[in-house]
Number of protein chains: 6
Amino acid sequence: MRISIIRKAHFNAAHRLFKPEWTDEKNREVFGICSNPNFHGHNYKLDVKITGELDPETGILMDLKTLKELIEQHVEIYFDHKNLNLDLIEFKSKVPTAENICIVIYDILRKVISEQLDIHIKLSETPRNFVEFPAQN
Amino acid sequence: MRISIIRKAHFNAAHRLFKPEWTDEKNREVFGICSNPNFHGHNYKLDVKITGELDPETGILMDLKTLKELIEQHVEIYFDHKNLNLDLIEFKSKVPTAENICIVIYDILRKVISEQLDIHIKLSETPRNFVEFPAQN
Amino acid sequence: MRISIIRKAHFNAAHRLFKPEWTDEKNREVFGICSNPNFHGHNYKLDVKITGELDPETGILMDLKTLKELIEQHVEIYFDHKNLNLDLIEFKSKVPTAENICIVIYDILRKVISEQLDIHIKLSETPRNFVEFPAQN
Amino acid sequence: MRISIIRKAHFNAAHRLFKPEWTDEKNREVFGICSNPNFHGHNYKLDVKITGELDPETGILMDLKTLKELIEQHVEIYFDHKNLNLDLIEFKSKVPTAENICIVIYDILRKVISEQLDIHIKLSETPRNFVEFPAQN
Amino acid sequence: MRISIIRKAHFNAAHRLFKPEWTDEKNREVFGICSNPNFHGHNYKLDVKITGELDPETGILMDLKTLKELIEQHVEIYFDHKNLNLDLIEFKSKVPTAENICIVIYDILRKVISEQLDIHIKLSETPRNFVEFPAQN
Amino acid sequence: MRISIIRKAHFNAAHRLFKPEWTDEKNREVFGICSNPNFHGHNYKLDVKITGELDPETGILMDLKTLKELIEQHVEIYFDHKNLNLDLIEFKSKVPTAENICIVIYDILRKVISEQLDIHIKLSETPRNFVEFPAQN
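Reference entry: report on the structure contained in this document. (Residues numbered from 1 in each chain as written. Chains lettered and ligands numbered in written order. Predicted model: local features only at pLDDT ≥ 70, side-chain atom pairs only at ≥ 80, totals over all residues. Heavy atoms only, no water.)

## Quick word on the overall build of chain A
Broken down by element type, chain A carries four helices and five strands. Listing the helices and strands of chain A from first to last along the sequence gives β-α-β-α-β-α-α-β-β. Along the longest, intermediate and shortest principal axes, the C-alpha atoms of chain A span 60 × 30 × 25 Å. Looking at chain A residue by residue over its 137 residues, the buried ones come to 58%. Taking as baseline every contact in chain A between residues at least 6 positions apart, the subset at least 24 positions apart corresponds to 66%. In the form shown here, chain A has an accessible surface area of approximately 5,800 Å², with 52% of it arising from carbon and sulfur atoms. (Helix = DSSP H or I, 4+ residues; strand = E, 2+ residues; numbered from the N terminus. Buried < 20%, exposed > 50% of the residue type's maximum accessible area, 1.4 Å probe, protein only. Contact = heavy atoms within 4.5 Å. Areas by Shrake-Rupley, 256 points an atom, 1.4 Å probe, with all protein chains shown as cover.)

Put into structure tokens, the structure is as follows:
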């Protein structure tokens, strides 16, 4: 009896899309106004989906309070009110695109959630742009 | 030409998470404030997704008015303004967790919708917590 | 320079619309299915609007963290996962209609927020029904 | 490293569900008030999901500005403020049901987006009715 | 004790902005693509706000079921799946702009709701455009 | 016949709450994590409400396309993908709190919209925090 639960979370952060090994012109060409030097920011919204076997005794897949606290501790507190380029070690060598932020969050949660449970992340950067990882097909 | 349609619905109900065969302490430990003795409640929101072969003549998968009425008759009227623990036979021996409510709704609709159509239920219990059944992977 | 800030909050509770001094028939006639004996429930959403003079030095009307904590402490924790009829003293002699809940929340916050600030409450009981107090005209 | 991005878009259009080769009675019987002769309309909302391999150098799946412009040019401008039955050649021989509109949009975008990328369309016709194509699993 | 309640409703309709006494050029100049000859349409959303004195005995301003039915009967059924220009007598001599639709709905409800209650209408034509009548101070 | 129209807009920006004439300790004490040195950011959402006399001939208060373009030109392009503290002259001597941003937007639009029309701004900084100016009472 495989089932999924989804918990929503959010954080606010600054970033810019910028590769230090490229010229400013190339950054501007590839990333547009998202490479503006003084940063801009977003309210990131997050759907964390957990999939696995339902426990028939409790009718629960995974304790929602535990899931909520894991997301708070490892994602919300870590990303909230930060500058992704300057404050987070994960983006020293990676451009903080929505795609990369989504994968970084997946990797962080993958380490603290039981391997018997699958994880899927949906991240919105603006009300019109979203990323999902891993891709479902 | 397989396609899906989704119809949204909702109902308001009271419940508590409680297993009568457990002590109050164990219920409180596993279910937290959700086991408060006098019940609490939610506005449950429902996405019913139906998947199957499109009828090329009408350009319709399944008549939406029929789907709407089946959901009203078998789910909305049955659950709305009810106490899930006390009023619904399905939860006499099952804890009314969001996971179990989602599966019960799936089972109810499975009996009244053609077997040639797949059903998928997404249930939200609060604006931040959702369940999906069956799991898509 | 008068300005308003709004903070959103929410809680989940059970209730029924019922006047003990009336017969069951009269309760059913006036309150309909909302008077069902075993209770039902809602995800209540709350907009607390605070209005007053902006502090020109800080550019702040009222510290949002303080407002958030006052709402948590006096409203969210007090109402969340409760049965309004059975657990809250305010509804011993008052029917917990959305209108009365909205006024009770106003009265609670009025006691803990500076008199120099006006308060306005918007409460949603379902995605389609809202109450506002005091009326703005 | 397969990942998905989603871009939201919308357009407003008039339509009626009507098959010219059927009698008015049969149209009314199958399509109900959606076959009213003078048309009605909707704010259609669109989620275009693109899935493929992430470019590890840029951290980007597909340039969002390009995606936004392709949707604007080929879908939003083409459908917006139009009468689907009278103004669009695609619906000369096809009933403009939500299912058929969704497939037509898929076919339009399939021609202008790289074959190495998968496309998935979610279309809402009203806040309660949605269609997805192609069906997932 | 003045208080307000709000009930949400919606309908789907076709329209065009067009004054028959003007030339097509003048209509196009003033109303833009909204004057396209074959109509376009919207999902209109409606907030009906009712303001008055709370009944201290019931804790109710106005019975919500009555309000819901008045809106259904006089607004939703009357406007839904219609062509505002061709099917509704109110727009024979008035352009069906969002402003005029909002005032027409106000006038319709004003006739069927007690004079002791104030009415305020908020109408959305698209997710980004709204009208409110009467204007609040 | 006074009526209001509302147009929604949005922009993404970075900021920090910081008064240069204060010590870092005092900034941290008053503004909390919002004073983090490397900035953070938000998706700001904006409701611009315009109030005035309806033109009875066109049924229009103010041309929505004109309003949309004024907001785009003077607000969206000016604020979007910017660092409010570093890039905008308005915040050289003013802390970019949500309250001050709301007033700055009001002042910008007040200069380009006819004096016969009233303006009211609602700004959301996060999904839970909003500001309104001028205060309505």
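## A look at the interface of chain A and chain F
At the interface, 22 residues of chain A touch 22 residues of chain F. Contact between chain A and chain F buries roughly 1,800 Å² in total, counting both sides, with carbon and sulfur atoms accounting for 55%. It is Asn 38, Asn 43 and His 81 of chain A that lose the most area in chain A upon contact with chain F, and together they represent 33% of the buried surface on that side. Taken together, the connections running from chain A to chain F amount to zero salt bridges. (Buried area = accessible area lost by both parts, 1.4 Å probe. Salt bridge = Lys/Arg side-chain N within 4 Å of Asp/Glu carboxyl O.)

## Side note on the packing of helix H2 (residues 64-79) of chain D against helix H4 (residues 98-112) of chain D
Axes are the key here: two packed helices are described by the angle between their axes and the distance separating the axes. Residues and elements named next belong to chain D. At a minimum axis separation of 10 Å, H2 and H4 run at an interaxial angle of 145°. Along this stretch, H2 crosses H4, giving a crossing that reads as right-handed. Judged by residue contacts, Leu 70, His 74, Val 75, Tyr 78 and Phe 79 of H2 engage Ile 101, Val 104, Ile 105, Ile 108, Leu 109 and Val 112 from H4. Partitioned by chemical class, the residues of the contact of H2 with H4 number 10 nonpolar, one polar and no charged. (Axes fitted to C-alpha atoms, helices over the stretch in contact; angles between N-to-C directions. Left-handed = near helix turned anticlockwise from the far one by under 90°. Nonpolar A, V, L, I, M, F, W, Y, C, P; charged D, E, K, R; others polar.)

## Brief notes about the packing of aromatic side chains
Applying the stated rule across the entire model yields 30 aromatic pairs over all chains. When the centroid spacing of 4.9 Å and the interplanar angle of 35° are considered together, the rings of Phe 11 of chain B and Phe 79 of chain B count as tilted. Of this pair, Phe 11 of chain B sits in strand E1 (residues 2-15) while Phe 79 of chain B sits in helix H2 (residues 64-79), and the two are 68 residues apart along the sequence. The pair Phe 11 of chain B / Phe 79 of chain B is uniform in exposure class, with both members buried. Over the ring of Phe 130 of chain C we find Lys 122 of chain C; its NZ or CZ atom is 5.3 Å from the centre of that ring. (Phe/Tyr/Trp six-rings, centres within 6.5 Å; stacked < 30°, edge-to-face > 60°. Lys NZ or Arg CZ within 6 Å of the ring centre and 35° of its normal.)

## Remarks on the environment of Thr 23 of chain F
Residues and elements named next belong to chain F. Within the element layout of this structure, Thr 23 appears in the loop between strand E1 (2-15) and helix H1 (24-31). Residue classification places Thr 23 among the partly exposed residues on the basis of a relative accessible area of 47%. For Thr 23, the side chain forms a polar contact with the main-chain nitrogen of Lys 26, separated by 3.0 Å. (Polar contact = N/O pair within 3.5 Å; in protein donor to acceptor, adjacent residues only side chain to side chain.)

## Observations concerning the relation of the copies chain A and chain F
Here the two chain copies are tied together by a rotation about an axis and a shift along that axis. Structural alignment of chain A on chain F gives an RMSD of 0.0 Å, achieved by rotating through 180° and translating 0.0 Å along the axis. Here the transformation between the copies is reduced to the relation of a two-fold axis. Residue by residue, 100% of the interface of chain A is reproduced at the interface of chain F, so both copies engage with the same surface. (Least-squares fit on C-alpha atoms with pLDDT ≥ 70 in both.)

## A look at the relation of the copies chain B and chain A
Aligned on chain A, chain B shows an RMSD of 0.0 Å; the corresponding rotation is 120° and the shift along the axis is 0.0 Å. What the rotation and shift describe, once combined, is the action of a three-fold rotation axis. Different-surface contact between copies: only 10% of interface residues of chain B are shared with the interface of chain A.

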